[in-house]
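Observations on chain architecture
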Amino acid sequence: MIEAMEIKVPMDDDLVMRLKAGDRVFINGDVYTARDAAHKRIIQAAESKEPLPFDLKGQVIYYVGPAPAPPGWVVGAAGPTTSGRMDPYTPTLLKLGLKGMIGKGKRSQEVKKAMKKYKAVYFGAVGGAAALLAKSIVRVEKVAYEDLGPEAIMKFTVRNFPAIVVIDAYGNDLYETEPPKYRKA
Amino acid sequence: MRVREIHVGMIEDAVKALFLKANTSIGQDIYNALLDMRDKYEKSPLGKDVLDQILKNHDIARDKGIAMCQDTGMAVVFLDIGQDVHLVGGLVEDAVNRGVKAAYDEGYFRKSVVDDPLFERKNTQTNTPAVIHTKIVKGDRVRILAMPKGFGSENMSALKMLTPAAGVEGVKDFVVKTVMDAGPNPCPPTVIGVGIGGTMEQAALIAKRATARPVGSSNEDPRYAQLEREILERINSLGIGPGGLGGTTSCLALHIEYVPGHLAGIPVAVNVCCHACRHAEVTI
Ligand code: SF4
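From a predicted model like this one, the values you see are computed outputs, not experimental measurements.

1. Structural notes on the packing of aromatic side chains
Residues and elements named next belong to chain A.
- Inspection of the entire model under this criterion finds six aromatic pairs over all chains.
- Measuring from centroid to centroid gives 3.8 Å for Y32 and F54, while their planes differ by 5°, and the two rings are stacked. Of the two residues, Y32 sits in strand β2 (residues 24-33) while F54 sits in the loop between α2 (36-47) and β3 (60-62), which places them 22 residues apart along the sequence.
- With relative accessibility at 11%, the residue Y32 sits in the buried group.
- Relative to F156, the ring of Y62 lies with its centre 6.4 Å away and its plane at 70°, an arrangement referred to as edge-to-face. Within this pair, whereas Y62 is found in strand β3, its partner F156 is found in strand β7 (residues 153-167), the two being separated by 94 residues in sequence.
- Among the aromatic residues, those joined into a cluster by ring pairs are Y62, F156 and F161.

Dropping the structure here:
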């Protein structure tokens, strides 16, 4: 197994720049959940200069629409959803100060460019490892857009949430660099 | 020939039990294949790590009775109904939907179905309607196959109408390209169902059902079995790896089903399923 480093969120530029694609991390602290519908509303709020549901500066967004919490759990199964659907909204959020994203799957060139420009990292969590990931979520707080159901914005307090730095602020992208190493012609 | 009466309440209960089971405990065939990948075949350290998390996740889900993935999918139900069965007690479709709703309530599963695909997209709050495929078969029993289908992988599925000239090579290339384009999105290692022949919708239907075949099984026709092996090998040579982060194990199994077709075409459907390839069945 690869050594994992414990990191604390929210993040500053210093931490962002220390993270390199391929690093295994355990995330500790607060992250915010948001999927397509919530992203759309955040952008609308930003455009019409209305208050945002939370201050994005230094924060990490987890792309997840969890299952309801069974008795004894603070949240139900909570694995990452496909990040690409958030790509059209992401550069604006990065501009507003977002420092990290947790999801699964590739990101667009525009997102990667914006990540370099505004200094941010993209963490991959293992898609489908939703019960395992739910165990590292210790507290859940409703933040905004409750009418969106599983797509509402929530604050998750996570303890040793396992993730991998997939795209770093230098533009390195594991989805681009790793598969060719194992490809047979 | 005597007709056997089956009350739809039995189908409702069976559907409920099957979805509760399928969403929380992965089949032993898939579990064992994942173990083998981690311990024997995967070369990438990161890939091994991903497989390890997937296996741990399956253990937690099964032991705690919690959904293995938050996307508990659309509820796909195959009903093979014996022609000597008389279903009583109401509409079978309603019974299936009641069973699905009950399972998704009781299991604390996420409800992901919207009433209208394009405009309102309002959550029905019940995970219904289920997607029901019925078939009339011999006998006096009802076989129920429940398959919760997540959309990270469903969205990566594809269908193409090939010309006869495209032939075997055309099929291979299309399947491999579909999986390559999907990359990390369908949560590899995947299970791939391929349907060849018939009409457009028939190819798609047999492809879906092919994903529920036991991992390790082969098509009965040796030519198709050979094709399964060849395409699987090509996919595992792509380097996609567990989670798409590079590696030597990208696909757990590739199952091909075929039906007779038309002179002028070869429909090929590729249904992509994630490592959380959930299905459970019962015959009543
Ligand atoms: S593709 Fe499968 S494992 Fe991945 S998030 Fe969707 S349902 Fe879960």
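2. Topic: the interface of chain B and chain A
- Counting residues at the interface gives 39 residues for chain B, matched by 40 residues for chain A.
- In total, chain B and chain A occlude about 3300 Å² of area from one another, counting both sides; carbon and sulfur atoms represent 66% of this.
- Summed over the shared surface of chain B and chain A, the number is one salt bridge.
- For D49 of chain B, the salt bridge is made with R24 of chain A, and the minimal N-O distance between the two is 2.5 Å.
- Taken together, the connections running from chain B to chain A amount to twelve residue pairs in polar contact (both at pLDDT 80 or more).
- With 13 residues, helix α3 (residues 45-64) of chain B is the single largest residue contributor to the side of chain B that touches chain A.
- Residues that form the side of chain B that touches chain A fall into these classes: 18 nonpolar, 14 polar and seven charged.

3. Side note on the domain arrangement of chain B
All names here are of chain B.
- You can read the domains of chain B as domain 1 (4-24 + 67-149) and domain 2 (152-277).
- Distance from the C-alpha centre of domain 1 to the C-alpha centre of domain 2: 25 Å.
- With both chains or domains summed, domain 1 and domain 2 bury close to 870 Å², and 65% of this area falls on carbon and sulfur atoms.
- In terms of surface lost to domain 2, no three residues of domain 1 exceed F78, M147 and K149, which account for 58% of the buried area on that side.
- Between domain 1 and domain 2 we count two salt bridges in total.
- In this structure, the salt-bridge partner of E154 is K149, at a minimum N-O distance of 3.1 Å.
- Remark: the boundary between domain 1 and domain 2 carries four residue pairs in polar contact (both at pLDDT 80 or more).
- Put simply, the parts of the chain that give the side of domain 1 that touches domain 2 at least two residues each are β2 (74-82), β4 (131-137) and β5 (142-149).
- In terms of residues, the side of domain 1 that touches domain 2 owes the most to one element, β5, which gives four residues.
- Taken together, the residues of the side of domain 1 that touches domain 2 break down into four nonpolar, one polar and five charged.

How each quantity is defined
- All residue numbers refer to position in the chain's written sequence, counted from 1.
- For naming, the first written chain is A and the first written ligand is 1, with later ones following in the order written.
- Owing to the predicted nature of the model, reporting of local features is limited to residues with pLDDT of at least 70; listing and counting of side-chain atom pairs is limited to 80 or more, with chain, interface and lining totals taken over all residues.
- Based on all heavy atoms of the structure, the side-chain values leave hydrogens and waters out of the count.
- Any two rings among Phe, Tyr and Trp, with Trp reduced to its six-membered ring, count as a pair given centres within 6.5 Å; such a pair is stacked if its planes are under 30 degrees apart, edge-to-face if over 60, and tilted if neither.
- A run of DSSP states H or I qualifies as a helix once it reaches four residues; a run of E qualifies as a strand once it reaches two. Both are numbered from the N-terminal end.
- Burial classification: accessible surface area is computed with a 1.4 Å probe over protein chains only, and a residue below 20% of its type maximum counts as buried, one above 50% as exposed, and the rest as partly exposed.
- The contact criterion used throughout is that any non-hydrogen atoms of two residues lie within 4.5 Å.
- Throughout, buried area stands for the accessible area (probe radius 1.4 Å) lost by two parts on being put together, summed over both.
- For this document, the term salt bridge refers to a Lys or Arg side-chain nitrogen within 4 Å of an Asp or Glu carboxyl oxygen.
- Pairing of N or O atoms within 3.5 Å defines a polar contact, subject to two protein rules: one partner must be a possible hydrogen donor and the other a possible acceptor, and residues neighboring in sequence count only if both atoms are side-chain atoms.
- Polar here means any residue outside two lists: the nonpolar Ala, Val, Leu, Ile, Met, Phe, Trp, Tyr, Cys and Pro, and the charged Asp, Glu, Lys and Arg; Gly therefore counts as polar.
- Domains are outlined according to an automatic or database domain assignment.

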